[in-house]
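Residues per chain are reported as follows:
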Amino acid sequence: MMGTPALRLRRKRGIAGAIVRSEEALLGTRVRVSAHLQSEQRGRVGMITGRWGHPSFVALDVLLDDGSSELFWHHELEEIEGVT
């Protein structure tokens, strides 16, 4: 099984994506904006292109599939399983 330990644990529980952990938010990771985010951005998909802030609590630049770029807190994103 591929992915981070947190992602593997969530897969075992039947959860589609894992919240991106601050220290595991790597450039190039494919992500989805969390369904729990109360925003018109939720559900959108993209790739992490930048990291800002303290390593334990980062903000992430995400290049969305429509070509726009947005800044999110790490906990507002879910890693898309099986996609790099």
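One structure accompanies this document, and this report is about it. A quick note: this is a predicted structure, and the numbers were derived from the prediction, not measured.

## Considering the nonpolar core
Working step 1: Within the largest apolar cluster, 12 residues are counted, these being Val20, Ala25, Val31, Val33, Leu37, Ile48, Val58, Leu60, Val62, Leu64, Phe72 and Leu77.
Working step 2: Among the secondary structure elements, those contributing two or more residues to this core are strand S2 (30–33) and strand S4 (57–64).
Working step 3: No other element matches S4, which puts four residues into this core.
Working step 4: Apart from the residues within four sequence positions on either side, Leu37 is in contact with Arg42, Phe72 and Glu76.

## Focus on the sheet that holds strand S5 (residues 69–73)
Working step 1: Pairing in this open sheet of six strands is antiparallel, and the strands run S1-S6-S2-S3-S4-S5 from one edge to the other. Each edge of the open sheet carries a strand with a single partner, namely strand S1 (18–19) and S5.
Working step 2: Looking at chain direction, S4 and S5 are connected through five bridges and run antiparallel. Each bridged residue has a counterpart across the sheet, and for Val62 the counterpart in S5 is Glu70.

## With respect to the pattern of salt bridges
Working step 1: If you walk through the whole model with that rule in mind, you get three salt bridges.
Working step 2: The closest approach of N and O atoms between Arg30 and Asp65, which form a salt bridge, is 2.9 Å. One end of the pair, Arg30, is in strand S2; the other, Asp65, is in the loop between S4 and S5, with 35 residues separating them in the sequence.
Working step 3: Since its relative accessible area comes to 54%, Asp65 is described here as exposed.
Working step 4: A salt bridge links Arg44 to Asp66; the shortest N-O distance between them is 2.3 Å.

What counts, and where the lines are drawn
- Residues numbered from 1 in each chain as written.
- Predicted model: local features only at pLDDT ≥ 70, side-chain atom pairs only at ≥ 80, totals over all residues.
- Heavy atoms only, no water.
- Core = buried A, V, L, I, M, F, W, Y, C linked by side-chain atoms within 4.5 Å.
- Buried < 20%, exposed > 50% of the residue type's maximum accessible area, 1.4 Å probe, protein only.
- Helix = DSSP H or I, 4+ residues; strand = E, 2+ residues; numbered from the N terminus.
- Contact = heavy atoms within 4.5 Å.
- Pairing = 2+ DSSP bridges.
- Salt bridge = Lys/Arg side-chain N within 4 Å of Asp/Glu carboxyl O.

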